[in-house]
Amino acid sequence: MEETQKQNKIMRVVTGVIFSIIALCCLFMGGLPILGFLLVVIFLGSAEYVKILRTKGFHPSLSLILLTDTVFALLIFFRRFDLLPSIISLATMASFLMVLFMGRQPYIVNVATTVLGFLYCGWLPCHLLLIRQISADRINAFQIGTNEGLWLVIFVFLIVVATDIGGYYFGSKFGKHKLSPVISPKKTIEGALGATVLALIVAAFGVLYTKLTLLHALIAGLLITVSSQLGDLSESLVKRDAGVKDSSNILPGHGGILDRTDGYLFALPVAYYYFVNFACGHNIIIEFFKYIQGAINVYFG
């Protein structure tokens, strides 16, 4: 038993290192490599998502999910953000039409899980491209410059990794109080706190390779680690409801693509919107107060 556990731990580390090296190489190269990497992850994750839901008797449209996911990634890659609302609207309507003309019971659930599929498995991970493009002034086949977006992606990557390591170490060593006994019985409050502390320590070093101030680095680190842990629990919720342990066995020691990337699905969007609205772009709080001040001046002026 102990020998098996030891082998599983070794396999988990080896798989994690290989996956991380591939991901980092694609991130640094940018352009088509990162687009290709993202599409592979999205396609495999979407297939796992549909497979999990089919165990519940649901039948989301994998073909529509994959088509919509691909369009999301391509539009973001070529910076046609103006078309994204149209695609979300058309894909949602198409979900109804596919069930209407070719679907089967349960109709409403199949529509809902198809929409959730292209949002959860496609739209959320596409924020990787959005962060990578921050401050980029050009796009070509093999490089999106060495820009601030690259280092911000690395920042997010390291914090999520620190969250996983901290949660596993502190949870196994000190875990006593269950964090969510129904959804994920192995996760503990101590593990979550340890994950957060280690993530904040790693985040503080972000000032050395990004343009973030220490305050922004710590706030971003806190948001990323919390959202990563919530993303992990959310995927566990789906698996628990479907009665499956892992989303697949494609990654030895880790399970499936969704098992390996579930934290990133929430962390990437949260990080992106914090970066562009507070840390790297216009501060929306300052803009809001400027708007209020302007309105007051007009009203009383």
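As a reminder, the structure under discussion sits directly above these lines.
Residues numbered from 1 in each chain as written. Predicted model: local features only at pLDDT ≥ 70, side-chain atom pairs only at ≥ 80, totals over all residues. Heavy atoms only, no water.

A.B. asks: For this particular structure, what's the right way to read the overall build of the protein?
C.D. replies: A tally of helices and strands in the protein yields eleven helices and two strands. Listed N to C, the secondary structure of the protein is α-α-α-α-α-α-α-β-β-α-α-α-α in terms of helices and strands. The buried share among the 301 residues of the protein stands at 45%. Within the protein, contacts between residues at least 6 apart in sequence are counted, and of these 69% link residues at least 24 apart. Accessible area of the protein: about 16,000 Å², with a carbon and sulfur share of 71%. (Helix = DSSP H or I, 4+ residues; strand = E, 2+ residues; numbered from the N terminus. Buried < 20%, exposed > 50% of the residue type's maximum accessible area, 1.4 Å probe, protein only. Contact = heavy atoms within 4.5 Å. Areas by Shrake-Rupley, 256 points an atom, 1.4 Å probe, with all protein chains shown as cover.)

A.B. asks: Would you explain empty space enclosed by the protein in this entry?
C.D. replies: Over the atoms rolls a probe the size of a water molecule, and in doing so it shows where empty space is left. For the structure shown, the criterion picks out one cavity of 30 Å³ or more. Looking at the largest cavity, its volume works out to about 290 Å³. Surrounding the largest cavity, 20 residues form its lining, Phe37, Leu128, Thr261, Tyr264 and Leu268 being those nearest its centre. Breaking the lining of the largest cavity down by element, the ones donating at least two residues are helix 1 (2-29), helix 2 (31-54), helix 5 (107-123), helix 7 (148-174) and helix 10 (257-279). Counting residues per element, the lining of the largest cavity draws most heavily on helix 10, which supplies six residues. The residue inventory of the lining of the largest cavity, partitioned by class, reads 17 nonpolar, two polar and one charged. (1 Å grid on protein atoms, 1.4 Å probe; cavity = no way out; pocket = protein on both sides within 12 Å on 5 of 7 lines; lining within 4 Å. Points joined across faces, edges and corners; volume = space filled by probe spheres on them. Nonpolar A, V, L, I, M, F, W, Y, C, P; charged D, E, K, R; others polar.)

A.B. asks: Would you mind showing me how to read the packing of helix 4 (residues 84-102) against helix 5 here?
C.D. replies: Put simply, helix 4 and helix 5 touch, their axes get as near as 8 Å, and they point 150° apart. As far as their axial angle goes, helix 5 and helix 4 are roughly antiparallel. Crossing of helix 4 against helix 5: the hand is right-handed. Within the contact between the two elements, helix 4 uses Leu84, Ile88, Ala91, Thr92, Ser95, Phe96 and Val99 and helix 5 uses Tyr107, Asn110, Val111, Thr114, Val115, Phe118 and Trp123. Here the contact of helix 4 with helix 5 is composed, by residue class, of ten nonpolar, four polar and no charged. (Axes fitted to C-alpha atoms, helices over the stretch in contact; angles between N-to-C directions. Parallel < 35°, antiparallel > 145°, perpendicular 65-115°, else oblique. Left-handed = near helix turned anticlockwise from the far one by under 90°.)

A.B. asks: Just checking my understanding: could you explain helix 4 for this structure?
C.D. replies: Because an α-helix packs 3.6 residues into every turn, residues spaced three or four apart end up facing the same way. Taking 1.5 Å of rise per residue, the 19 residues of helix 4 would be expected to cover 27 Å, and the 26 Å separating its terminal C-alpha atoms lies within 8% of that figure. Those residues of helix 4 lying buried are Leu84, Ala91, Ser95 and Val99. Relative to the axis of helix 4, the buried residues are bounded by an arc of 65° and lie together on one face. Away from its buried face, by an angle of more than 90 degrees, helix 4 presents the exposed residues Leu90, Phe96, Leu100 and Phe101. Looking at the buried residues of helix 4, the elements they touch are helix 3 (62-77) and helix 5. (Expected span 1.5 Å × (residues − 1). Arc of directions from axis to C-beta.)

A.B. asks: Where do I start with the nonpolar core in this structure?
C.D. replies: In a soluble, globular protein the nonpolar side chains are often hidden away together inside. Ranked by internal contacts, the top residues of the largest apolar core, which has 54 residues, are Tyr49, Ile131, Phe155, Val156, Ile224 and Phe275. Of all hydrophobic cores here, the second largest spans seven residues; its members include Cys26, Phe37, Val41 and Leu251. (Core = buried A, V, L, I, M, F, W, Y, C linked by side-chain atoms within 4.5 Å.)

A.B. asks: How do you make sense of the environment of Leu128 when you look at a structure like this?
C.D. replies: Along the chain, the position of Leu128 falls in helix 6 (residues 127-132). Under the relative-accessibility criterion, Leu128 is labelled buried at 9%. As a C-alpha pair, Leu128 and Leu150 span 22 residues in sequence and 9.9 Å in three-dimensional space. If sequence neighbours within four positions are ignored, Leu128 has contacts with Leu27, Ile34, Leu38, Val153 and Leu268.

A.B. asks: Looking at this structure, I do not really get the pattern of salt bridges. What am I missing?
C.D. replies: If charged atoms from side chains of opposite charge come close, those side chains can pair. Summed over the entire model, instances satisfying the criterion amount to six salt bridges. Between Asp241 and Lys56 there is a salt bridge, with the nearest N and O atoms lying 3.6 Å from each other. Of this pair, Asp241 sits in helix 9 (residues 214-242) while Lys56 sits in the loop between helix 2 and helix 3, and the two are 185 residues apart along the sequence. For the salt bridge of Lys239 with Glu235, the shortest nitrogen-to-oxygen distance reads 3.6 Å. (Salt bridge = Lys/Arg side-chain N within 4 Å of Asp/Glu carboxyl O.)

A.B. asks: Please clarify how the pairing of strand 2 (residues 184-188) should be interpreted in this entry.
C.D. replies: Both faces of the sheet carry side chains from a regular strand, because those side chains alternate between them. In terms of strand pairing, strand 1 (residues 178-180) meets strand 2 through two bridges, oriented antiparallel. By the bridge assignment, Ser180 is partnered in strand 2 with Ser184. Joining the antiparallel neighbours strand 1 and strand 2 is a turn of three residues. (Pairing = 2+ DSSP bridges.)

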